[in-house]
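Commentary on secondary and tertiary structure
Here's the letter readout for the chains.
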Amino acid sequence: MKLRLKGNSLRLRVTRSELASLQAGRRIQESVLFPADPPASFGYVLGVGSHNQPVHVVFASQQIIVSLSQDQLASWSGEHQVGIYASVPVAEGTVLEVAIEKDFACLDLSDEDNTDTFANPMAGKVC
């Protein structure tokens, strides 16, 4: 799973096998270790919750924890839905923009990052 943070937004990119893990009821998690004594870590987690909100986000214990509703996961699992997009209220007048997307193969012909990705819907098309 890839994480991108920019301003007040976060974006997660999920591979085929990670989506299969979510569908099987398992959560996906990654962490980054930083030099410190003892080493410090920052984590991010994607799972499925029992809540009614399409997307729920929490920051706790040096982790971003994102959870989807069962209904949202079911609709996203189909071939044609690229991602889940939500504006999660943070404070009065402020929202966190969240994007959870399928990780598509790159079109630059490099196979290194294309392992376990979804077929790019733009592959073979002329711009």
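Everything in this summary refers to the structure shown in the same document. (Residues numbered from 1 in each chain as written. Predicted model: local features only at pLDDT ≥ 70, side-chain atom pairs only at ≥ 80, totals over all residues. Heavy atoms only, no water.)

Attention now moves to the sheet that holds strand β3 (residues 28-34). On the basis of which strands lie adjacent, the open sheet formed by 4 strands has the order β3-β4-β6-β5 and mixed pairing. Two strands lie at the open edges of the sheet, namely β3 and β5 (55-60), each paired on one side alone. Averaged over all adjacent pairs, the angle separating strand axes in this sheet is 10 degrees, with direction ignored. Across 6 bridges, the pairing between β5 and strand β6 (residues 63-68) is antiparallel. Bridge pairing in β6 links Val58 to Ile65. (Pairing = 2+ DSSP bridges. Helix = DSSP H or I, 4+ residues; strand = E, 2+ residues; numbered from the N terminus. Axes fitted to C-alpha atoms, helices over the stretch in contact; angles between N-to-C directions.)

Before going further, it helps to spend a moment on the nonpolar core. Of all hydrophobic cores here, the largest spans 22 residues; its most connected members are Leu46, Val55, Val66, Trp76 and Ile100. Looking at this core, the elements that each hand over two or more residues are β2 (9-14), α1 (16-23), β4 (40-48), β5, β6, α2 (70-76), β7 (83-91) and β8 (94-102). The contacts of Trp76, once residues within four sequence positions are left out, are Val14, Leu19, Leu22, Leu68, Gln81, Val82, Gly83, Ile84, Ile100, Glu101 and Lys102. (Core = buried A, V, L, I, M, F, W, Y, C linked by side-chain atoms within 4.5 Å. Buried < 20%, exposed > 50% of the residue type's maximum accessible area, 1.4 Å probe, protein only. Contact = heavy atoms within 4.5 Å.)

Taken as a whole, this structure holds 4 salt bridges when the rule is applied. The shortest N-O distance in the salt bridge between Arg11 and Glu101 comes to 2.9 Å. Of this pair, Arg11 sits in strand β2 while Glu101 sits in strand β8, placing them 90 residues apart in sequence. Glu101 sits in the buried class, given a relative accessible area of 11%. Two residues, Arg13 and Glu101, come together in a salt bridge whose shortest N-O distance is 3.0 Å. With Arg13 in strand β2 and Glu101 in strand β8, the pair connects residues that are 88 residues apart, well separated along the chain. For Arg13, a relative accessible area of 24% puts it in the partly exposed group. When salt bridges with common partners are traced through the structure, they connect Lys2, Arg11, Arg13, Glu101 and Asp103 into a single cluster. (Salt bridge = Lys/Arg side-chain N within 4 Å of Asp/Glu carboxyl O.)

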